[in-house]
Amino acid sequence: MSRAGRRGGRKVAHLLEGMLLITLLFLALAFGSVPGGVVEQNLDHGIDATPFFYSEAEGVAQAGHEMRAVLASQPQ
Amino acid sequence: MNQGTSKSPLLHSEDWWAVWIGFAALLAATTGLIQTVPKLHRWTSNPLDMFQATGGADQGTILLPLLFTALLLGLVFALAVRVLGGRAGQFLPAFAVIFLLSVISYGLSRQVQVQAYGLEYAVWALAFGLLISNTVGVPEWLKAGARSELYIKTGLVLLGAEILFGHILDIGGPGLFVAWFVTPVVILFIYNLGVRYLKIGSKPLIITIAAATSVCGVSAAIATAAASRAKKEELTLAVGLSLIFTVLMMIIMPYAIRAVGMDTLVGAAWIGGTIDSTGAVIAAGAFLGQEAEKVAAVVKMIQNILIGVVAFAVAVYWCARVDRDPCAAKPSAKEIWIRFPKFIVGFVAASLLFSFVLMPLLGSETVENGILKQMSVPLRGWLFCMAFVSIGLESNFRDMASQMSGGKPFLLYVVGQSFNLILTLLAAYLAFGGILFARLNL
């Protein structure tokens, strides 16, 4: 096999290794056992700990509104 | 070099294009021309569910709106690339692939278990980009679409609209004290630690890590890296450190608070002031109870408002002090302006416009639940996701390893975060423990 062919083969092998790692990580997370505590609670209550769309405009905004009202009513 | 042809920077600089595109999007949202930008939905076992809304008002598939979003974004950015001197014909197919990789990355972060662990989109976007660039390599044609800086700067202009200063006005003292007293102190501490004691060569890397640690993780890192002109590998490193420690802190901190029997509200404020990502703050706060969740959320939200202030201050400091020739005289205001990253102007202008004009004019419901939630926020999310895919495609492990410089950035993050934890705990105790302010009655 030519040098270019071997180099190409190595690259594909590295790509497959990387894809395997990502797949394993994903499968471990998706179907593996989940440790208790915060993660379990997130699952039970559908809490999203990945704020892709900035939480300010998601459900957190509501918490913020309620909290601001409470804070504003407190004696300083 | 400009050979006599006077090209207007307003049309021929990437910064200004980011401002124009960002404001065009905000104008389209404010006038109702574009009302929503699609978001992928949560899914459990079938990835295709991410395209299908199963409940609520927005039922049905989002495939068509998603394609329309990609097409519109592609055309707008192609126009920008064309005017900036690139080739629109080469850009468009590459953009399509980068958008597709963004859909896959964002889709992975919408899986319920992945969400529960707090592994956000940036992890997957960087992973896919790095995987391609460090294995088979990035084909020449695909590089045309990897305009990470243009996506980041445009996304930052949109982020500015989300930084609503009005929220500060009606908030009580305790949250402000925790969020705003600690953050500047921690930034200065980490910056001095990195420059003077650890002697890390790259100041942009130090300030990016400082902002990620003390303000709000990924968004703050993006804004500060852009303001200080950090390298892509430096931003990747800062974001990577922040993402890893966010997950660890989200899992460990609530346990620690319960284990030592700490006051729940003090613990919640501690969580809000220290965990980098807003989503992880909510998750950790919720573990302590509903009230704790709200306190943690509001402290984090007040802290998030500092993104704009920090990015602006860093941009000015870099132009006036860091980037200037040490032998030259003090730069004039005009020179500072010439070097100033102009998208920061758009970022601050969007924040001021939304905080002091549109919020009073249109009301919180229209601005927050309409313009921001439905259009600006998801669009900004897509732009940042594309930026991270592009950064991954443009980075290689060798350059990233060289940024580690003997583990110093890691040490900087760990020591800085430890300092942040101690100082925030003290501030949380003073503010929410009934010492400086009356105890909250929730």
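Only a predicted model underlies this, so the values are computations on that prediction, with no experimental measurement involved.

**Q** I keep staring at the overall build of chain A and nothing clicks. Help me out?
**A** For chain A, the count of helices and strands is three helices and zero strands. Going from the N terminus to the C terminus, chain A shows its helices and strands as α-α-α. In chain A, which comprises 76 residues, the share counted as buried stands at 28%.

**Q** Hey, could you run me through the overall build of chain B in this one?
**A** When helices and strands are counted, chain B shows 22 helices and two strands. Relative to the compact-globule value of 22 Å for 442 residues, chain B shows a C-alpha radius of gyration of 22 Å, a close match. When its C-alpha atoms are laid out on the principal axes, chain B stretches across 65 × 65 × 50 Å. With 442 residues in all, chain B has 54% of them scored as buried. Within chain B, residue pairs in contact and separated by at least 24 positions form 79% of the contacts whose partners lie at least 6 positions apart.

**Q** Looking at this model, I keep getting lost on the nonpolar core. Mind explaining?
**A** Across soluble globular proteins, nonpolar side chains have a tendency to be buried as a group. Residues and elements named next belong to chain B. Judged by nonpolar contacts, the single largest core of 158 residues is most densely connected at Ala269 and Ala284. Here this core gets 16 residues from one element, more than from any other, and that element is helix α20 (residues 364–394). If sequence neighbours within four positions are ignored, Ala269 has contacts with Val178, Val295, Val299, Ala428, Ala431 and Phe432.

**Q** Any chance you could explain helix α10 (residues 173–197) of chain B here in plain terms?
**A** Every α-helix carries 3.6 residues per turn, so stepping three or four residues along brings you back to the same face. Taking 1.5 Å per residue as the helical rise, α10 of chain B with its 25 residues ought to reach 36 Å, and the 35 Å between its terminal C-alpha atoms agrees with that figure. Positive phi appears at Lys199 of chain B, one or two residues downstream of α10 of chain B, with a value of about 50°.

**Q** Is there a simple way to think about unusual backbone geometry in this case?
**A** Excluding glycine, most residues fall at negative phi; most peptide bonds, likewise, are trans. All names here are of chain B. In this structure, Lys199 is a non-glycine residue whose phi angle is positive, near 50°. Locating Lys199 in the fold gives a position in the loop between α10 and α11 (203–216). Phi at Arg229 takes a positive value of approximately 55°, unusual for a residue other than glycine. Its place among the elements puts Arg229 in the loop between α12 (218–227) and α13 (232–259). Overall, the presence of 15 C-beta atoms within 10 Å leaves Arg229 in the partly exposed class.

**Q** Just checking my understanding: could you explain the environment of Leu131 of chain B for this structure?
**A** Residues and elements named next belong to chain B. Looking at where Leu131 falls in the secondary structure, it is placed in helix α6 (residues 121–133). On the basis of neighbour count, Leu131 is assigned to the partly exposed category, with 19 C-beta atoms found within 10 Å. When the C-alpha atoms of Leu131 and Ile422 are compared, they prove to be 37 Å apart, with 291 residues separating the residues in sequence.

**Q** What's the story with α20 of chain B in this structure? I'm lost.
**A** At Leu372 of chain B, α20 of chain B is deflected by roughly 55°, the largest bend along its length. Here α20 of chain B lies mainly inside the structure; 26 of its 31 residues are buried.

**Q** For this particular structure, what's the right way to read the packing of helix α2 (residues 14–30) of chain B against helix α19 (residues 343–362) of chain B?
**A** The relative placement of two packed helices is expressed as an angle between their axes plus a distance between the axes. Residue and element names in this part refer to chain B. With their axes 8 Å apart at the nearest point, α2 and α19 run at an angle of 25° to one another. Here α19 runs roughly parallel to α2, going by the angle between their axes. Taken as a pair, α2 and α19 cross one another with a handedness that is right-handed. Residue-level inspection shows Asp15, Ala18, Val19, Gly22, Phe23, Leu26 and Thr30 of α2 in contact with α19, the latter providing Phe343, Val345, Gly346, Ala350 and Leu358.

**Q** What exactly am I supposed to notice about the confidence of the model for chain A here?
**A** Regions with low pLDDT carry predicted coordinates that are not meant to be interpreted in detail. Residue and element names in this part refer to chain A. With 30% of its residues at a pLDDT of 70 or more, chain A shows a mean pLDDT of 63. The least confident element of chain A is helix α3 (residues 59–73), whose mean pLDDT is 57; the most confident is helix α2 (residues 38–45), at 80. In the predicted structure, residues 54–59 sits below a pLDDT of 50 and forms 17 contacts with residues beyond four places in sequence or in another chain.

**Q** Just to check I follow, could you spell out the packing of α13 of chain B against helix α21 (residues 397–404) of chain B for this structure?
**A** Residues and elements named next belong to chain B. Packing of α13 against α21 leaves a shortest axis separation of 9 Å and a crossing angle of 65°. Judged on the interaxial angle alone, α21 and α13 are roughly perpendicular. α13 and α21 meet at a crossing whose hand is right-handed. The residues of α21 that touch α13, namely those facing Glu233, Glu234, Thr236 and Leu237, are Asp399, Met400 and Gln403. Residue composition of the contact of α13 with α21, by class: two nonpolar, two polar and three charged.

**Q** Quick question: what am I supposed to make of the environment of Lys300 of chain B here?
**A** Residues and elements named next belong to chain B. By secondary structure assignment, the location of Lys300 is in helix α16 (residues 290–304). Taking C-alpha positions, Lys300 is 9.0 Å from Ile282, a pair spaced 18 residues apart along the chain. With residues up to four places along the chain from it excluded, the contact list for Lys300 reads Cys216, Gly272, Thr278 and Val281.

**Q** Hey, could you run me through the environment of Thr208 of chain B in this one?
**A** All names here are of chain B. Looking at where Thr208 falls in the secondary structure, it is placed in helix α11. Spatially, the C-alpha atoms of Thr208 and Ala223 are 8.5 Å apart, while their sequence positions differ by 15 residues. Those residues in contact with Thr208 that sit more than four places away from it in its chain are Ala221, Thr224, Ala225, Ser228, Ala230, Glu234, Leu235 and Ala238.

**Q** Would you mind showing me how to read the confidence of the model for chain B here?
**A** The predicted model of chain B has a mean per-residue pLDDT of 87, with 94% of residues at 70 or higher. Confidence estimates for the predicted assembly give a pTM of 0.83 and an ipTM of 0.72.

Cut-offs used in this document
- Residues numbered from 1 in each chain as written.
- Chains lettered and ligands numbered in written order.
- Predicted model: local features only at pLDDT ≥ 70, side-chain atom pairs only at ≥ 80, totals over all residues.
- Helix = DSSP H or I, 4+ residues; strand = E, 2+ residues; numbered from the N terminus.
- Buried ≥ 20, exposed ≤ 12 C-beta atoms within 10 Å, placed from the backbone.
- Rg over C-alpha atoms; globule rule 2.2 N^0.38 Å.
- Contact = placed C-beta atoms within 7 Å.
- Core = buried A, V, L, I, M, F, W, Y, C linked by C-beta atoms within 7 Å.
- Expected span 1.5 Å × (residues − 1).
- Bend = angle between axes of the 7 residues up to and from the residue.
- Axes fitted to C-alpha atoms, helices over the stretch in contact; angles between N-to-C directions.
- Parallel < 35°, antiparallel > 145°, perpendicular 65-115°, else oblique.
- Left-handed = near helix turned anticlockwise from the far one by under 90°.
- pLDDT = per-residue confidence, 0-100.
- Nonpolar A, V, L, I, M, F, W, Y, C, P; charged D, E, K, R; others polar.

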